[in-house]
Amino acid sequence: MSAVLHALSLTGSMTWEITWALILGFGLSAVVQAVVRKSTVVAALGDDRPRTLALAAGLGAASSSCSYAAVALARSLFRKGADFTAAMAFQIASTNLVVELGIILALLMGWQFTAAEFVGGPVMIVVLALLLRAFLTPALLRAARAQADRGLAGSMEGHAAMDMSVRRDGSFLRRLCSPEGVTATAHVFVMEWAAILRDLMAGLLVAGAIAAWVPDAFWRSFFFDGHPLAAKFWGPLVGPLVAMASFVCSIGNVPLAVVLWKGGISFGGVVAFVFADLLILPILGIYRKYYGPRMALLLLGTFYVASAVAGYVVEFVFGGLGLVPDQARARIPQEGVTLNYTTWLNVAFLALAAALLVRFFRTGGREMLRTMGGAPAGGRDDGHGDPAGRRGP
């Protein structure tokens, strides 16, 4: 019982440490998604040119999603006419280049990991684009499109189909500050939390349990701690494999990344682990449903190589610049609730979250929650698909 309580205590401490950052990140994402329509995203992703992939990365970073919702949304974009490579770039960015991930990495591990996220993410997208250009044949793409158009359900389909953006015209600020803009922001904010909460809590619980029960000596042996050169080459190779087996995706894998970093995995190994959130076993099964077994295998291979290469790039670039932080200073938050800046920030942002939650439930939010896991929209719709039959707030 004492071991269980210790694990839960660590989980609670990590949760308290990152609460305000999560609210801030999802709030910023909600503001952008409230005024950017999904039909606009589809129209911008028609090919795999470098400019288009850069735009896909930017749009994905602005439309933060849990891994399951990101995968469902990428298929939706592909079915509506987006280029497959551009849709995959959007998918990567919407889970790995988002503000809340960067803030949490800085809080729990140091600013260097945040910088590595925004350096390694584009590297991963470039490597993926090159691999898909080399190995994605027209026949395989046609088969994947035919499978995608069957509309088999994966996870978070209803959430991915919702377009909660403001319909009225006007400037960004005018639409955002309108009653419809406030409602749209509240809807996106709460729905993103509803989508991510399961994975986030799973990640915190797994990280707390591993931190409490698995001795550091095990991880130090597994990651070749004490053999610096071997660790640098081993980390980015094994990081994605640990991620695949952990079943924890999206932001939920950051607490576990803290445990692995404290346990001795290399800097690049941490980055590769975080970037492999789209390779966990349940999502590989969804790729098979969405695009067929051959495309699922291609995505497994290309995503693995891309995350490992990104890990190697940040390992040697940051190492060469002397920016890799000292592992000996790694810590797992254990203080809990104390009277410091974290507590004041949490109080302020929890009040903001409460206000958005009230707005959400007063403007039809309960029905949206019921439909967030619904079936995908059939065929090529007009970009306004919503399982609840809504056309925005």
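In the block above lies the structure referred to throughout.
Residues numbered from 1 in each chain as written. Predicted model: local features only at pLDDT ≥ 70, side-chain atom pairs only at ≥ 80, totals over all residues. Heavy atoms only, no water.

Draft legend 1. Representation of the environment of Leu141 in the model. Along the chain, the position of Leu141 falls in helix 8 (residues 138-148). Distance from Leu141 to Met295, taken between C-alpha atoms, is 8.1 Å for residues 154 residues apart in sequence. (Helix = DSSP H or I, 4+ residues; strand = E, 2+ residues; numbered from the N terminus.)

Draft legend 2. Here's a closer look at the pattern of salt bridges. Inspection of every chain in the model, using the stated rule, returns four salt bridges. Asp149 is the salt-bridge partner of Arg79, the closest N and O atoms lying 3.6 Å from each other. With Arg79 in helix 4 (residues 67-79) and Asp149 in the loop between helix 8 and helix 9 (157-161), this residue pair connects regions lying 70 residues apart in the sequence. Accessibility expressed as a relative area gives 4% for Arg79, which makes it buried. The salt bridge partner of Asp225 is Arg220, with a shortest N-O separation of 2.9 Å. Of the residues examined, Asp225 reaches a relative accessible area of 32% and is grouped as partly exposed. (Salt bridge = Lys/Arg side-chain N within 4 Å of Asp/Glu carboxyl O. Buried < 20%, exposed > 50% of the residue type's maximum accessible area, 1.4 Å probe, protein only.)

Draft legend 3. Structural detail: unusual backbone geometry. Located in the positive-phi region is Phe224, a residue other than glycine, with phi close to 60 degrees. Inspection of the secondary structure puts Phe224 in the loop between helix 12 (216-222) and helix 13 (228-246).

Draft legend 4. Representation of the side chain of Asn346 in the model. Secondary-structure assignment places Asn346 in helix 18 (residues 341-362). Of the residues examined, Asn346 reaches a relative accessible area of 0% and is grouped as buried. Residues in contact with Asn346, not counting those within four places in the same chain, are Trp16, Thr19 and Trp20. (Contact = heavy atoms within 4.5 Å.)

Draft legend 5. Spatial organisation of the environment of Ala355. Within the element layout of this structure, Ala355 appears in helix 18. When the C-alpha positions of Ala355 and Ala186 are compared, they lie 8.5 Å apart, and in sequence the two are 169 residues distant.

Draft legend 6. Inspection of the packing of aromatic side chains at higher detail. Going through the model one piece at a time under the given rule, you end up with 22 aromatic pairs. Taking the centre distance of 6.2 Å and the plane angle of 55 degrees together, the rings of Tyr287 and Phe303 count as tilted. Within this pair, whereas Tyr287 is found in helix 16 (residues 281-291), its partner Phe303 is found in helix 17 (residues 293-320), the two being separated by 16 residues in sequence. As far as burial versus exposure is concerned, Tyr287 and Phe303 are alike and both buried. Among the aromatic residues, those joined into a ring-pair cluster are Phe218, Trp219, Phe222, Phe223, Phe224 and Trp234. (Phe/Tyr/Trp six-rings, centres within 6.5 Å; stacked < 30°, edge-to-face > 60°.)

Any functional reading would require information beyond the geometric quantities listed.
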